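Residues per chain are reported as follows:
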Amino acid sequence: MSSAFSTSTARNIFFGGTVFFFLMFLALTFDTQQQLPQRDQRAQLSNPQIAAGKKLWEVNNCIGCHTLMGEGAYFAPELGNVYKRRGPEFIKAWIQAQPTGAPGRRQMPQFNLSDKDIDDLVAFLKYASEINTANWPPNIEG
Ligand code: HEC
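Residues numbered from 1 in each chain as written. Predicted model: local features only at pLDDT ≥ 70, side-chain atom pairs only at ≥ 80, totals over all residues. Heavy atoms only, no water.

Participant: Looking at this model, I keep getting lost on the environment of arginine 39. Mind explaining?
Facilitator: Of note, arginine 39 is situated in helix H1 (residues 7-39). Once the C-alpha coordinates of arginine 39 and leucine 56 are considered, the two residues, 17 residues apart in sequence, prove to be 24 Å apart. Leave out the neighbours within four places in its chain, and arginine 39 touches Asn132 and Ala134. (Helix = DSSP H or I, 4+ residues; strand = E, 2+ residues; numbered from the N terminus. Contact = heavy atoms within 4.5 Å.)

Participant: Can you help me understand the site of the ligand in this one?
Facilitator: Around the ligand sit 23 residues in total, of which Cys62, Cys65, His66, Arg105 and Met108 are the nearest. Note that a nitrogen atom of the ligand is positioned 2.8 Å from one of the side-chain N or O atoms of histidine 66. A distance of 2.8 Å separates an oxygen atom of the ligand from a polar side-chain atom of arginine 85. Counting only elements with at least two residues in the shell around the ligand, the list comes to helix H3 (82-86) and helix H4 (88-97). It is H4 that provides the largest number of residues to the shell around the ligand, a total of four residues. Across the shell around the ligand, the residue classes tally to 15 nonpolar, four polar and four charged. (Near = heavy atom within 4 Å. Polar contact = N/O pair within 3.5 Å; in protein donor to acceptor, adjacent residues only side chain to side chain. Nonpolar A, V, L, I, M, F, W, Y, C, P; charged D, E, K, R; others polar.)

Participant: Explain the packing of helix H2 (residues 48-59) against helix H5 (residues 115-129) to me, please; I cannot follow it from the model alone.
Facilitator: Each pair of packed helices gets described by two things: the angle between the helix axes and the distance between those axes. Remark: H2 packs on H5, axes separated minimally by 7 Å, with the N-to-C direction vectors making an angle of 100°. One finds that H2 runs roughly perpendicular with respect to H5. Residues Gln49, Ile50, Ala52, Gly53, Lys54, Leu56 and Trp57 of H2 touch H5, and the partners they reach there are Asp117, Asp119, Asp120, Leu121, Ala123, Phe124, Leu125 and Tyr127. Of the residues belonging to the contact of H2 with H5, the class tally is nine nonpolar, two polar and four charged. (Axes fitted to C-alpha atoms, helices over the stretch in contact; angles between N-to-C directions. Parallel < 35°, antiparallel > 145°, perpendicular 65-115°, else oblique.)

Participant: Even after reading the chapter, I still don't get the packing of aromatic side chains, so can you show me in this structure?
Facilitator: Each pair of aromatic rings is reported with the distance of its centres and the angle of its planes. Under the counting rule described, the total for this entry stands at six aromatic pairs. Their ring planes at 35° and their centres at 6.5 Å tell us that phenylalanine 22 and phenylalanine 25 sit as a pair that is tilted. Of this pair, phenylalanine 22 and phenylalanine 25 both sit in helix H1, three residues apart, which is roughly one turn of that helix. On the basis of relative accessible area, phenylalanine 22 is assigned to the partly exposed category, the value being 48%. (Phe/Tyr/Trp six-rings, centres within 6.5 Å; stacked < 30°, edge-to-face > 60°. Buried < 20%, exposed > 50% of the residue type's maximum accessible area, 1.4 Å probe, protein only.)

Participant: Would you mind going over the coordination of the iron atom of the ligand with me for this structure?
Facilitator: Ideal geometry at a metal centre gives angles of 109.5 degrees when four donors are arranged tetrahedrally and 90 or 180 degrees when six donors are arranged octahedrally. In this structure, His66 (NE2) and Met108 (SD) serve as the protein donors to the iron atom of the ligand, at separations of 1.9 to 2.1 Å. Taken together, the six donor atoms coordinating the iron atom of the ligand and their angles of 84 to 178° define a geometry best described as octahedral. Here histidine 66, found in the loop between H2 and strand E1 (67-68), pairs with methionine 108, found in the loop between H4 and H5; they are 42 residues apart in sequence, far enough to count as distant. Look at histidine 66 and you get buried, because its relative accessible area is 10%. (Donors = N, O, S within 2.8 Å, 3.2 Å for Na, K, Ca; no water. Tetrahedral: all angles 85-135°; square planar, octahedral: opposite > 155°, others 65-115°.)

Structure follows, in structure tokens:
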């Protein structure tokens, strides 16, 4: 019994495990480096409409109530995927129709944005919806 698990067995498991997981780490790092450039869509931020929409998203503090890709506040729905869930026409009409005044529902303020501003925001939300987040967040409305 006592010889079944010897010091050398323990040493081999330790070194073998170390080498195995180090190689695994290298392989996964290599895989990540291969995939990242295909996922990087930041070049699109040089598109003036998307850039303007991002600016409007920031100055109006949409993230103070909403999440974008799971990050932000949990007062209102996730918007990273709202373009795919609702489409551009719904988003435009929604922003113009606020506040709904529906009893018992959380309210979104009226931002008094121009048609151009709303189009820019929609372009930004379209851009956000096309980022490959590996289906994050798992709950589509956040
Ligand atoms: C004070 C909090 C607040 C802020 C700030 C805010 N929203 Fe909202 N928003 C809400 C709430 C609450 C809802 C959901 C209301 C409901 O379902 O009745 C909502 C819903 C939405 C929806 C519809 C989501 C869906 O799944 O149907 C869109 C699109 C949206 N907001 C866009 C924006 C944009 C763009 C901004 C920034 C310009 C913004 N919101 C800022 C509170 C906010």
